[in-house]
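Each chain, letter by letter, is given below.
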Amino acid sequence: MKLSEFKDEKARARYHGAYERALARLWPGPRTALDIPTAFGTTRVYRTGPRHGEPIVLLPGSGGNALMWHRYVEVLARRHPVIAVDTLGEPGASTQTAPIEGGRDGAAWLDELLVATEATAPHIVGCSYGGWLALNHQIHHPDHAGGLTLVDPAGFADFGPRFYAWLIAGGLAATAPRPLRPRLARLVGNSAILERELMGLMRASRGFRRALPVPPVFSDEELRLVRAPALFLLGARSAMHDSREVADRLGRTVPAARVEIVPRAGHALPTDEPALVADRILSAVER
């Protein structure tokens, strides 16, 4: 049985120390931490914002957790309840106890989580891998989401040499002396490396063994099942896929889709254009 887990207790303790420090430094304002049991393990979520209104559920990308949304929480929570998730199987405060073997399992986990948090018809925001999970949830549980914002989501191209080169270049740039990082971030097209606390957390996760499925490409038949209002934000310079091709395909297969290709942004769209992404999320929720 393949589970995401730390290789030993020393690695776990090192990571969780870094996690708690980053949480204390980055999270803006009050929060309520909840550990939600599901059939796949216990999931940590953070709730903030008003008690009433359409909830906004935030799903991070691969290797990330709720803290990747720290720049977004305050603005989104002014008018909406916000639920930021440490995705099960990613490094964070969640603990996986059963394997997640594909999109159907990922959707089942997310649906259990939404039911447990009483997030009725929430607006789900998913970045990269989180976008793939959100789309799978819509495909398999179509009546349980009010709308979607997908930020350069996975599931529209196989991971190829360009994407892995982008990952490696970003990882190397993140280890460079701090004064050089802004220039390197522009050179490699990865503004996420400028997030000092999150990069420190990423380094602390080296003892974490991730065992989640690689997202397969969605079929046209699957995409035609997406009925909820869906906003797709795509980075024009994304290393994951050809954003124009993705936009054209969505136009043919997802009647409810609105697509915006963001100029000069890449796959690190949430850190490339945080103000724009936050504005588009709120516009999608409140339209």
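Use the structure listed above.
These numbers were taken from a predicted model, which means no experiment stands behind them.

Conventions adopted
Residues numbered from 1 in each chain as written. Predicted model: local features only at pLDDT ≥ 70, side-chain atom pairs only at ≥ 80, totals over all residues. Heavy atoms only, no water. Helix = DSSP H or I, 4+ residues; strand = E, 2+ residues; numbered from the N terminus. Core = buried A, V, L, I, M, F, W, Y, C linked by side-chain atoms within 4.5 Å. Buried < 20%, exposed > 50% of the residue type's maximum accessible area, 1.4 Å probe, protein only. Contact = heavy atoms within 4.5 Å. Pairing = 2+ DSSP bridges.

(A) Spotlight on the environment of Arg 183. Locating Arg 183 in the fold gives a position in helix α6 (residues 181–188). Expressed as a C-alpha distance, the spacing of Arg 183 and Ala 173, which sit ten residues apart in the sequence, is 9.5 Å.

(B) Inspection of the nonpolar core at higher detail. With 43 residues, the main nonpolar core has Ile 124 and Leu 148 as its most contacted residues. Contributions of two or more residues to this core are made by β4 (56–59), β5 (82–85), α3 (103–116), α4 (129–140), β8 (147–151), α5 (161–174), β10 (230–235) and α9 (243–253). The element that contributes the greatest number of residues to this core is α4, accounting for six residues. Residue contacts for Leu 148: discarding those within four places in its chain leaves His 123, Ile 124, Ala 134, Leu 135, Gln 138, Val 226, Pro 229, Ala 230 and Leu 231. Core analysis: the second largest hydrophobic core is formed by 42 residues, Leu 67, Ala 93, Ile 281 and Val 285 among them.

(C) Fine view of the pairing of strand β3 (residues 41–48). In terms of burial, β3 is largely enclosed, as six of its eight residues are buried. Bridge count between strand β2 (residues 32–38) and β3: seven bridges; the pairing is antiparallel. For Leu 34, the partnering residue across the bridge sits in β3 and is Val 45. As consecutive antiparallel partners, β2 and β3 are separated by two residues. Taken together, the two bridges between β3 and strand β6 (residues 95–96) define a ladder with antiparallel strand orientation. For Gly 41, the partnering residue across the bridge sits in β6 and is Gln 96. Two strands pair when backbone bridges link them, and β3 and β5 are joined in this way by four bridges, in the antiparallel orientation. Looking at the pairing, Arg 47 lines up with Ile 83 of β5.

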